Each structure stands twice: as structure tokens, then as C-alpha cells.
Amino acid sequence: MHFYFAPLEGISGFVVRNAFAHHFPYIDRYFTPFIPAAKRFNKKILRDLDPANNQGITLVPQLIGNRADEIVEMAGKLKELGFSRGNINLGCPSGTVVSKKRGAGLLAYPEELDQFLAEIMERCPLAVSVKTRIGMESEEEWETLCGIFAKYPFEEVIIHPRVREDFYRNSPRLSAFARAVEQIQTPLCYNGDIATVEGYHRITELFPTVDRIMIGRGLLANPGLVGEILGKPKASNSQITAWHEEILEGCLALFPGERDVVFHMKEIWFYLIRFFPEKEKFYKQIKKCQSLAEYRLIVQQIIS
């Protein structure tokens, strides 16, 4: 089985990727948060892509857009940087993204989507994969969309079996993923709500031919989850402490002020607090804290 770390906007940058690679080295591929194809590379994006910041990591840049020429142009720049593969985001449910016909928003226009993918596959200098939802409003949309994805020789199709209107609510629509297994011949990757070893086994038992799994929020709630799936012991508090400290130190080097660092770490704790269910009362304190010193004190009480 191949394990992927999902792209999470504002979270899964190189600092977090390195913490996983150093302390829980079980992930086969990491995907960047989406890069808008309509924009030029800025310092932040280049820093995140820099091989020096991703040593020992197999990194796949994810692009988002609705114009094939912009995707192809950006893919050419990624090739110049040394990348051999790229991923297209067709799943982001954010209102500001969808309203611009990007991410999951493009799924509402299957004819345009088909043309978009055809041009990319004809001209793109990279191996192409897509990460998609199964529609905008209804699972019934998936029949048409699935037929479109089946037409092209993607490197792989990563499917989060929810529609855009689900956001991250409701259960993944496994019947839609089953349809993809039947119709799409290129390799498929399952993504969605794997947060426990039992949840992993449920998916692999239902879809035994699928040999790759993408996990996002589940890995932030339990950084050692893939290790547990592979038969390793549950992560110890000392391992979580080391992982957390590397992220914290990385953020201190990255962000200009302590408040920015604390804000970023709060996003991590939105998920990580689930690793310490008996300490959930402390999460309210983390949400309210403003200083790094206060933050460190609360975290010590949680992890100790």
C-alpha cells in the first residue's frame, strides 16, 4: 500500500512535511497545498517547493485553475524546477474557489471540464494526476464525471467521494467510489475520513484492488496513524512532543512574529487535540491564548 499526505491549505507546508518525515517516516508522497495556476511563483511558493526544504520527501505540486493554458504553463515552470509530476485540484469546496469555477466548481460544467483535461493531457510536460470530488450537488453527477475521468491516461485519480455541498460533513459516498473502481482503468487513490486503523481496513476490504490511500485530517489528529496501520505501536507522548516541537521551531523561523506562530499552531491543535481526548478542556485555552509563553505552558499540560 502507498500512503499519501493530503494537501491542506495553510497547514501542509514544508515545516509540517519535514516533521512527519523525521518522526513518522511512513508517508510515500506529500502533496503541496494548491498553487493558483493564474499566478506567478512568489517567494512563499518557491520556498515551499525548494528541494533544500524537502530533503528525502517525494513532493507532488498541486495546481488549481480553470484554464488549461495556465496549467500547462505552470507545469512547464515546475519541470524547470525539477519536478516530473503534478496534480490538478478539482475538489476544493471553498466558496471563493468554487465561485471562480475552480476546484470543485469546475465539476458543474462537465463539457468544459472534458475540454480542459483534454488540452492538459495533450500538452502538459508532466505526468498528470487529478484530485476530485464526485460532483457539486448530487451523487448522480458522478456518472458523467466518472466517464470523463475514464477517458484519460492520468498517472492516478485521487477521489474524495463527497460532493461539494457535503464539504466535510456526511459520510463518504462509497457507492460512487465503487463506480470509479469499475469504470476507471488508471490507478485510483481513496481519500476521505480515514482516522483509525479500523477505518483503513474497512476501505481496503471494500476495495481490495486499490493500492494507495490519501490521509489528511486523520494524520494531524494522530501523526502516527500510518505507522499503526503498518503494525507499529501507537505514537508515544515523547514522539508527539518531538514532532510538535519541530513544527513549532520551524514556524518560529518562518513567521515574523510570535502571534503568527501561535495562530498557526492553533490550526494544528484543532486536529491534534483528538489525540488527547481526556485533555480536550485545554483546547479552549489554546484558542484564547495570545502569547508564545502561554501557549507553551498549555501544551505542556496537555502532553505531559
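Up top is the structure these notes are about.
Residues numbered from 1 in each chain as written. Predicted model: local features only at pLDDT ≥ 70, side-chain atom pairs only at ≥ 80, totals over all residues. Heavy atoms only, no water.

(A) Local environment of the layout of surface pockets. In this structure, the largest pocket spans a volume of roughly 930 Å³. Taken together, 39 residues make up the lining of the largest pocket; nearest its centre are L8, Y168, G216, R217 and Y271. Breaking the lining of the largest pocket down by element, the ones donating at least two residues are α9 (217-221), α10 (225-229) and α12 (258-272). In terms of residues, the lining of the largest pocket owes the most to one element, α9, which gives three residues. For the lining of the largest pocket, a count of residues per class yields 20 nonpolar, eleven polar and eight charged. The computed volume of the second largest pocket comes to approximately 580 Å³. Around the second largest pocket, the lining is made up of 24 residues, and of these E9, G10, P33, K44 and D48 lie nearest the centre. At the level of secondary structure, the elements contributing two or more residues to the lining of the second largest pocket comprise α1 (14-23), β3 (35-36), α2 (43-49) and α11 (237-254). (1 Å grid on protein atoms, 1.4 Å probe; cavity = no way out; pocket = protein on both sides within 12 Å on 5 of 7 lines; lining within 4 Å. Points joined across faces, edges and corners; volume = space filled by probe spheres on them. Helix = DSSP H or I, 4+ residues; strand = E, 2+ residues; numbered from the N terminus. Nonpolar A, V, L, I, M, F, W, Y, C, P; charged D, E, K, R; others polar.)

(B) Structural detail: the sheet that holds strand β7 (residues 127-132). Pairing within the open sheet is parallel, and its ten strands lie in the order β3-β5-β6-β7-β8-β9-β10-β1-β2-β4. The sheet is open, and its two borders are formed by β3 and β4 (59-60), each paired with just one other strand. Across two bridges, strand β1 (residues 2-5) lies against strand β2 (residues 29-31) in parallel orientation. The partner of Y4 across the bridge, within β2, is R29. Packed onto the sheet, helix α7 (residues 174-183) meets β8 (156-159) and β9 (188-191) and runs at close to 170° relative to β9. (Pairing = 2+ DSSP bridges. Contact = heavy atoms within 4.5 Å. Axes fitted to C-alpha atoms, helices over the stretch in contact; angles between N-to-C directions.)

(C) Broad picture of the packing of helix α6 (residues 142-149) against α7. Running from amino to carboxyl end, α6 crosses α7 at an angle of 35°, the nearest separation of the two axes being 10 Å. Viewed along their axes, α6 and α7 form a crossing whose handedness is right-handed. Residues W142, E143, C146 and G147 of α6 touch α7, and the partners they reach there are A176, R179, A180 and Q183. Among the residues forming the contact of α6 with α7, the class breakdown is four nonpolar, two polar and two charged. (Left-handed = near helix turned anticlockwise from the far one by under 90°.)

(D) Looking closely at the environment of L90. In this fold, L90 is placed in strand β6 (residues 85-90). For L90, a relative accessible area of 0% translates into the label buried. Linking L90 and F255, residues 165 residues apart in sequence, is a C-alpha distance of 30 Å. Not counting residues up to four positions away in its chain, the partners in contact with L90 are G103, A104, L106, L107, L113, F116, V130, K131, T132, R133 and F149. (Buried < 20%, exposed > 50% of the residue type's maximum accessible area, 1.4 Å probe, protein only.)

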